[in-house]
Amino acid sequence: MTSNGAHQGPHTAADIPEWPVAATAAGRRLSDGPVELIISWLLRIGVWSSIAIIVFGLVLLVIKDRQALVHTQPGGLDGLLKHGLPGQPGTLSSYGDVLLSVRRGDAFGVIMLGLMVLLLTPVMRVAVSIIAFLLDHDRLYALITLVVLGLLMTGVLLGKAGG
Amino acid sequence: MSPLAYIAIVLLISIAAGLLGSLLGLGGGIIVIPALTIFLGVDIRLAIGASIVSVIATSSGAAAAYVRDHLSNIRVGMFLELATTTGALTGAFLAGVLAGRWLYLIFAVVLGYSALAMFRKRHDESGAGFEPDDISKRLRLASSYYDQAIDREVVYQVTGARTGLALMYVAGAVSGLLGIGSGALKVPAMDLAMRLPIKVSTATSNFMIGVTAAASASVYFARGQINPLLAGPVAVGVLIGASAGSRLLGQLHSTTIRKAFFVVLIVITFEMLLKGIQY
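1. Overview of the overall build of chain B
Next up, step 1: A tally of regular secondary structure across chain B gives 11 helices and 2 strands.
Next up, step 2: Secondary structure elements of chain B occur, N-terminal to C-terminal, as α-α-α-α-α-α-β-β-α-α-α-α-α.
Next up, step 3: A buried classification covers 66% of the 279 residues belonging to chain B.
Next up, step 4: Sequence separation of 24 or more characterises 82% of the internal contacts of chain B that already satisfy a separation of 6 or more.

Here you go:
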């Protein structure tokens, strides 16, 4: 995509004749490789699906627990977070708990499901980047990204074991 | 106040955090944590859980746009993630071995130094006028982006790949140890050592911080620190703020971003000094 670093010093794209294509006004190049597009697309899907699920959960919460939501409770926000709401489950701290809660139709479970989609988005981004680099015939970066994924998974597994 | 009013306040705080975070390559923890703990009296454990959610939301929300617009340099990001993930692992192992007080104080000194160094070169545009190093050449780190503020394509070189990698290792270790500072250290490392243009530095930091945070997110989730009533509105607010911010970055002048980053670095420096002293 980019040159091999043969150009130095201050210059604009116009100074480099072999530059693939001129920049468009939108800041995108026509020569966009698949990598940027795939990563950007994956991030957008992760972000929008998580926001949709969380908003759905919040709407569900307002519908189900309308009474509890508009009445002031003692203890401020911290008390509210610690005691939860009458119609909702307590702490959800495993994937199994969250899925069970979603099946019961709890608003909290739905919100947590959306948060889980959000938390997994960066991991998915790294995993999908490997495929994207391979599609772009960029083995070096596919390898670099594979190592990053390995380190990331090691961290996740160690965290689970230790935490 | 009623629970609904709290949800609305948390949403507003988070929009601000997402906006600032997406522009400066930070996770928004510097806004979310103090606002929740000091002003709303939330337990620090739940505030940290919300902050991790905020980092991932800022990163994913902003990077979706920055990657498409070539503001994030994904090669630089992927290459440096080798060091940040290794650093985060080291940090997780070292946690408990090193004294927190000294970590905060060292972190404050590093940030203070970075702030001054970045302030000194506030009128300087990076990315040109130097030789790229051998690793940057071999990894094809040089790239270009379209700068809306000056209405032209900016072609830039990259150097100092080794120093950048070492600094990212430290940044990863610090965030593994203290759960903070991933963006505040990443941006100066790319700016000062690798001499990337400031917009590319903040956009690439945004691209990277989600991955650094994802490693620890599963731990906070398993410990029950992710509360749906708090983290849900935080995620929604930050995503709204970050998508607005990601439209703004291209139009802002580099010097404006540099100055804003300088101010935020000074604030974090004092915050860390205070934590170190009180520890």
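2. A short note on the packing of helix α5 (residues 100–120) of chain B against helix α8 (residues 182–193) of chain B
Residue and element names in this part refer to chain B.
Next up, step 1: Packing of α5 against α8 brings their axes to within 10 Å, and their N-to-C directions diverge by 40°. Considered as vectors, α5 and α8 are oriented oblique to each other. You can see that α5 and α8 cross each other, and the crossing is left-handed. Note on element contacts: α8 touches α5 through Ala 184, Pro 188, Asp 191 and Leu 192, opposite Leu 111, Ser 114, Ala 117 and Met 118.
Next up, step 2: Looking at the contact of α5 with α8 residue by residue, the classes come out as 6 nonpolar, 1 polar and 1 charged.

3. Overview of helix α3 (residues 76–83) of chain A
Next up, step 1: For α3 of chain A, every residue scored as buried is listed here: Leu 77, Leu 80 and Leu 81 of chain A. The arc that holds every buried residue of α3 of chain A, seen down its axis, measures 95°, which confines them to one face. α3 of chain A presents Gly 79 and His 83 of chain A as exposed residues on the side facing more than 90 degrees away from its buried surface.
Next up, step 2: Residues of α3 of chain A that are buried sit in contact with α1 (3–24), α3 (44–68) and α10 (228–248) of chain B.
Next up, step 3: Immediately beyond the C-terminal end of α3 of chain A, within one or two residues, lies Gly 84 of chain A, with a positive phi of roughly 70°.

4. Re the environment of Met 116 of chain A
All names here are of chain A.
Next up, step 1: Looking at the element boundaries, Met 116 is found in helix α5 (residues 107–135).
Next up, step 2: When the 20 C-beta atoms within 10 Å are taken as the criterion, Met 116 is described as buried.
Next up, step 3: As for Met 116 and Gly 33, which are separated by 83 residues in sequence, their C-alpha atoms are 30 Å apart.
Next up, step 4: When residues no more than four places from it in sequence are discounted, the contact partners of Met 116 are Tyr 95 and Val 98.

5. Structural notes on the interface of chain A and chain B
Next up, step 1: Contacts between the two partners involve 66 residues from chain A, matched on the other side by 72 residues from chain B.
Next up, step 2: Counting only elements with at least two residues in the side of chain A that touches chain B, the list comes to α1 (34–64), α2 (66–70), α3, α5 and α6 (139–162) of chain A.
Next up, step 3: For the side of chain A that touches chain B, the element with the most residues is α1 of chain A, which contributes 14 residues.
Next up, step 4: Here the residues of the side of chain A that touches chain B are counted per class, giving 35 nonpolar, 26 polar and 5 charged.

6. Focus on unusual backbone geometry
Next up, step 1: The phi torsion at His 137 of chain A lies on the positive side, around 55°, for a residue other than glycine.
Next up, step 2: Among the structural elements, His 137 of chain A can be located in the loop between α5 and α6.
Next up, step 3: Non-glycine residue His 70 of chain B carries a positive phi angle of around 65°.
Next up, step 4: Here His 70 of chain B is to be found in the loop between α3 and α4 (74–94).
Next up, step 5: When the 22 C-beta atoms within 10 Å are taken as the criterion, His 70 of chain B is described as buried.

7. Some thoughts on helix α9 (residues 198–222) of chain B
Residue and element names in this part refer to chain B.
Next up, step 1: An ideal rise of 1.5 Å per residue puts 36 Å on 25 residues; α9 measures up with 37 Å between its terminal C-alpha atoms.
Next up, step 2: Most pronounced at Ala 215, the bend in α9 amounts to some 35°.
Next up, step 3: Judged by how many residues are buried, α9 sits mostly within the fold: 23 of 25 residues are covered.
Next up, step 4: A positive phi of about 75° marks Gly 224, the residue just after α9.

8. Some details on the confidence of the model for chain B
Residues shown with low pLDDT carry predicted positions that ought not to be read at fine detail.
Next up, step 1: For chain B, mean pLDDT is 87; residues scoring 70 or higher make up 96% of the total.
Next up, step 2: Model confidence for the complex: the whole-complex pTM is 0.86, and ipTM, which rates the interface, is 0.88.

9. Notes on the confidence of the model for chain A
Next up, step 1: When the pLDDT values of chain A are averaged, the result is 79; 77% of them are 70 or greater.
Next up, step 2: Per-element confidence in chain A is highest for α5 of chain A, whose mean pLDDT is 94, and lowest for α2 of chain A, whose mean pLDDT is 81.

Calculation criteria
Residues numbered from 1 in each chain as written. Chains lettered and ligands numbered in written order. Predicted model: local features only at pLDDT ≥ 70, side-chain atom pairs only at ≥ 80, totals over all residues. Helix = DSSP H or I, 4+ residues; strand = E, 2+ residues; numbered from the N terminus. Buried ≥ 20, exposed ≤ 12 C-beta atoms within 10 Å, placed from the backbone. Contact = placed C-beta atoms within 7 Å. Axes fitted to C-alpha atoms, helices over the stretch in contact; angles between N-to-C directions. Parallel < 35°, antiparallel > 145°, perpendicular 65-115°, else oblique. Left-handed = near helix turned anticlockwise from the far one by under 90°. Nonpolar A, V, L, I, M, F, W, Y, C, P; charged D, E, K, R; others polar. Arc of directions from axis to C-beta. Expected span 1.5 Å × (residues − 1). Bend = angle between axes of the 7 residues up to and from the residue. pLDDT = per-residue confidence, 0-100.

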